[in-house]
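Below, each chain spelled out in residue letters.
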Amino acid sequence: MDLRIFTEPQQGASYDTLLTVAKATEDLGFDAFFRSDHYLAMGSADGLPGPTDAWITLAGLARETSRIRLGTLMTAGTFRLPGVLAIQVAQVDQMSGGRVELGLGAGWFEEEHRAYGIPFPKEKFARLEEQLAIVTGLWATEAGATYSYDGTHYQLSDSPALPKPVNGRVPVLIGGHGATRTPRLAAQYADEFNIPFASIEDSERQFGRVKAAAEAAGRAPGDLVYSNALVVCVGRDDAEVARRAAAIGREVDELKQNGLAGSPAEVVDKIGRYAAVGSSRIYLQVLDLHDLDHLELVSAQVQSQLG
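Everything numeric here is computed off the predicted structure, so don't read it as measured data.

Definitions and limits used
By convention here, each chain's residues receive numbers from 1 onward along its written sequence. pLDDT decides what is reported in this predicted model: residues at 70 or higher carry local features, side-chain atom pairs at 80 or more are listed and counted, and totals for whole chains, interfaces and linings draw on all residues regardless. Think of the side-chain values as coming from all heavy atoms in the structure, minus any hydrogens and water. The helix count covers DSSP runs of H or I at least four residues long, the strand count covers runs of E at least two residues long, and both are numbered beginning at the N terminus. Accessible area is worked out with a 1.4 Å probe on protein chains only. A residue is then buried under 20% of its type maximum, exposed over 50%, and partly exposed in between. Contacts are assigned to residue pairs that have any heavy atoms within 4.5 Å of one another. Computed with a 1.4 Å probe, the accessible areas rest on the Shrake-Rupley method; for each residue, only the protein chains presented here act as cover. By convention in these notes, a salt bridge is any Lys or Arg side-chain nitrogen within 4 Å of a carboxyl oxygen on Asp or Glu. Under the rule applied, a polar contact is a pair of N or O atoms within 3.5 Å (in protein, one hydrogen donor and one hydrogen acceptor; residues adjacent in sequence only if both atoms are side-chain atoms). The charge count includes Lys and Arg as positive and Asp and Glu as negative, but it does not include His or the ends of the chains. By nonpolar core is meant a set of buried Ala, Val, Leu, Ile, Met, Phe, Trp, Tyr and Cys residues that side-chain atoms within 4.5 Å join together. Should DSSP find at least two bridges between two strands, the strands are taken to pair. When the strands point away from the viewer, a crossover counts as right-handed if the path from the first strand over the helix to the second runs clockwise. To get an axis, fit a line to the C-alpha atoms, keeping to the stretch in contact for a helix; angles then go from 0 to 180 degrees between the N-to-C directions. Orientation is classified from the angle alone, with under 35 degrees giving roughly parallel, over 145 giving roughly antiparallel, 65 to 115 giving roughly perpendicular, and any other angle giving oblique. Rotating anticlockwise by less than a right angle from the far helix to the near helix defines a left-handed crossing, while the corresponding clockwise rotation defines a right-handed one. In this classification, the charged set is Asp, Glu, Lys and Arg, the nonpolar set is Ala, Val, Leu, Ile, Met, Phe, Trp, Tyr, Cys and Pro, and all remaining amino acids, among them Gly, are polar.

**With respect to the overall build of the protein chain**
Here is step 1: Check the secondary structure of the protein chain and you find eleven helices and twelve strands.
Here is step 2: Based on the C-alpha atoms only, the size of the protein chain along its principal axes is roughly 60 × 45 × 35 Å.
Here is step 3: Within the protein chain, the proportion of its 307 residues that are buried is 53%.
Here is step 4: Summarising the internal contacts of the protein chain: among those between residues at least 6 apart in sequence, 73% fall at separations of at least 24.
Here is step 5: Accessible surface, the protein chain as shown: approximately 13,100 Å² in total, 50% of it carbon and sulfur.

As structure tokens, this is what we get:
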């Protein structure tokens, strides 16, 4: 079971804070550092000192880390043109020595689009499908050849399809709860399927849909990695769990129901139940980015039991 650290910087984090967490992620033996792609805080958070851009952040971290994987859950398709995104991701991948992964989603948070003057199209899923075709198509084009695409939403003509990722392509993550179109897209384009904030039962059901879609598309279901994203809140005792829950504005019982919360033993047990339904990677949503002792505890008493 791979454990990855997943952050939500729009809730309030500077680049320096993210760098500190990324370095701790690397030093403590976690597999990867991922971040969301949002420009507006949600809920009661003030979002100070203001948003950081996902791919600018990852570019910086690419030069200041050496081992961990780096990526997004999920890059908002509404934020970037697919040709530009292919260039950005390939460049950051080169800067990292080939450690980048691209989670790409349709985009959903309309309010942040209004706040920053970003168009919020009515038909987002069809755009996402074209974006996936273009980004992967650009990377797959042989050096010296050109790439063209004539879609409903995007048109490319004789693109040099440069630059290239270090290993030819960047692993692509697709995720979500959709019962039909999402599994189909994952089967066609994804190296990994991720379901966020889902129960064990819902995860098993959705993984089954993706596996069936993969078979229908002529792929072996085992070609994909299946993963979950879950909030984490671990403590050495009940008081520490309660303190960490209060720091992120959540209730302990709710976190135990919907995430990975409690003692290290409780969390290891629940991760094992996700593993039993096919998950081999967990993105730990860390909401208090200043509590590095939390990461140390998870590394020492949770991750160490999953090796």
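**Observations regarding the pattern of salt bridges**
Here is step 1: Taken as a whole and assessed by the stated rule, the structure comprises 20 salt bridges.
Here is step 2: Asp31 is paired through a salt bridge with Arg4; the nearest N and O atoms lie 2.6 Å apart. Of the two residues, Asp31 is situated in the loop between α1 (15–27) and β2 (32–35) and Arg4 in strand β1 (residues 2–7); the sequence distance between them amounts to 27 residues.
Here is step 3: Where Arg250 meets Glu254, a salt bridge forms, and the shortest distance between an N and an O atom there is 2.8 Å.
Here is step 4: Judged by relative accessible area, Glu254 falls into the partly exposed class, the value being 27%.
Here is step 5: Taken together, the shared-partner salt bridges in this structure form one network comprising Arg236, Glu240, Arg243, Arg244, Asp291 and Asp293.

**What to know about helix α2 (residues 54–64)**
Three- or four-residue spacings in an α-helix give side chains the same orientation, since the helix completes a turn every 3.6 residues.
Here is step 1: For α2, the complete set of buried residues consists of Ala54, Trp55, Thr57, Leu58, Ala59, Leu61 and Ala62.
Here is step 2: Contact partners of the buried residues in α2: α1, β2, β3 (69–72), β4 (75–76), α3 (82–96) and β5 (100–105).
Here is step 3: Its side-chain oxygen at 3.1 Å from the backbone nitrogen of Trp55, Asp53 defines the N-terminal cap of α2.

**Examining the side chain of Glu112**
Here is step 1: As for its position among the elements, Glu112 is in helix α4 (residues 110–116).
Here is step 2: One buried charged side chain, Glu112, makes no salt bridge at all; its nearest oppositely charged neighbour is Arg35, positioned 8.7 Å away.
Here is step 3: Within the local environment of Glu112, its side chain forms a polar contact with the backbone nitrogen of Leu40, the two atoms lying 3.3 Å apart.
Here is step 4: What Glu112 contacts, discounting residues up to four positions off in sequence, is His38, Tyr39, Leu40 and Phe79.

**Considering the nonpolar core**
One broad trend across soluble globular proteins is that nonpolar side chains are buried collectively.
Here is step 1: Membership of the largest hydrophobic core comes to 74 residues, with the highest contact counts inside it found for Trp55, Leu102, Trp139, Leu284 and Val302.
Here is step 2: At eight residues, the largest contribution of residues to this core is made by helix α5 (residues 125–140).
Here is step 3: What Leu102 contacts, discounting residues up to four positions off in sequence, is Trp55, Thr72, Thr75, Leu85, Val89, Val135, Trp139, Val170, Pro171, Val172 and Leu173.
Here is step 4: Grouped together as the second largest cluster of nonpolar side chains are seven residues, Phe6, Ala32, Leu73 and Leu173 included.

**Notes on the pairing of β1**
Here is step 1: In terms of residue burial, β1 counts as a mostly covered element, since five of its six residues are buried.
Here is step 2: Direction of pairing for β1 relative to strand β12 (residues 281–286): parallel, over a ladder of six bridges. Each residue of the ladder has a partner; that of Ile5, found in β12, is Leu284.
Here is step 3: The pairing of β1 with β2 spans four bridges and is classified as parallel. Looking at the pairing, Thr7 lines up with Arg35 of β2.
Here is step 4: This β-α-β element, β1 to α1 to β2, shows right-handed connectivity.

**Details of the packing of α2 against α3**
Here is step 1: Two numbers describe how α2 lies on α3: the axes approach to 8 Å, and their chain directions differ by 15°. By the angle between their axes, α2 is roughly parallel relative to α3. Once α2 is placed against α3, the crossing between them reads as left-handed. In this structure, α2 uses Trp55, Leu58, Ala59, Ala62 and Arg63 to contact α3, whose residues at the interface are Leu85, Val89, Val92, Met95 and Ser96.
Here is step 2: Within the contact of α2 with α3, the residues separate by chemical class into eight nonpolar, one polar and one charged.

**Considerations on unusual backbone geometry**
Here is step 1: Along the chain, Leu48 connects to Pro49 via a cis peptide bond; the corresponding omega equals 10°.
Here is step 2: The omega torsion of the bond from Leu162 to Pro163 falls at 0°, within 30 degrees of zero and hence cis.
Here is step 3: Of note, the phi angle at Asp158 is positive, near 50°, even though the residue is not glycine.
Here is step 4: Looking at the secondary structure, you find Asp158 in strand β7 (residues 155–159).

**Section: the side chain of Glu192**
Here is step 1: Position of Glu192 among the secondary structure elements: in strand β9 (residues 192–196).
Here is step 2: Given the relative accessible area of 3%, Glu192 is considered buried.
Here is step 3: Beyond its immediate chain neighbours, meaning those up to four positions away, Glu192 contacts Arg4, Glu101, Val172, Leu173, Ile174, Val225, Ser227, Arg281 and Tyr283.

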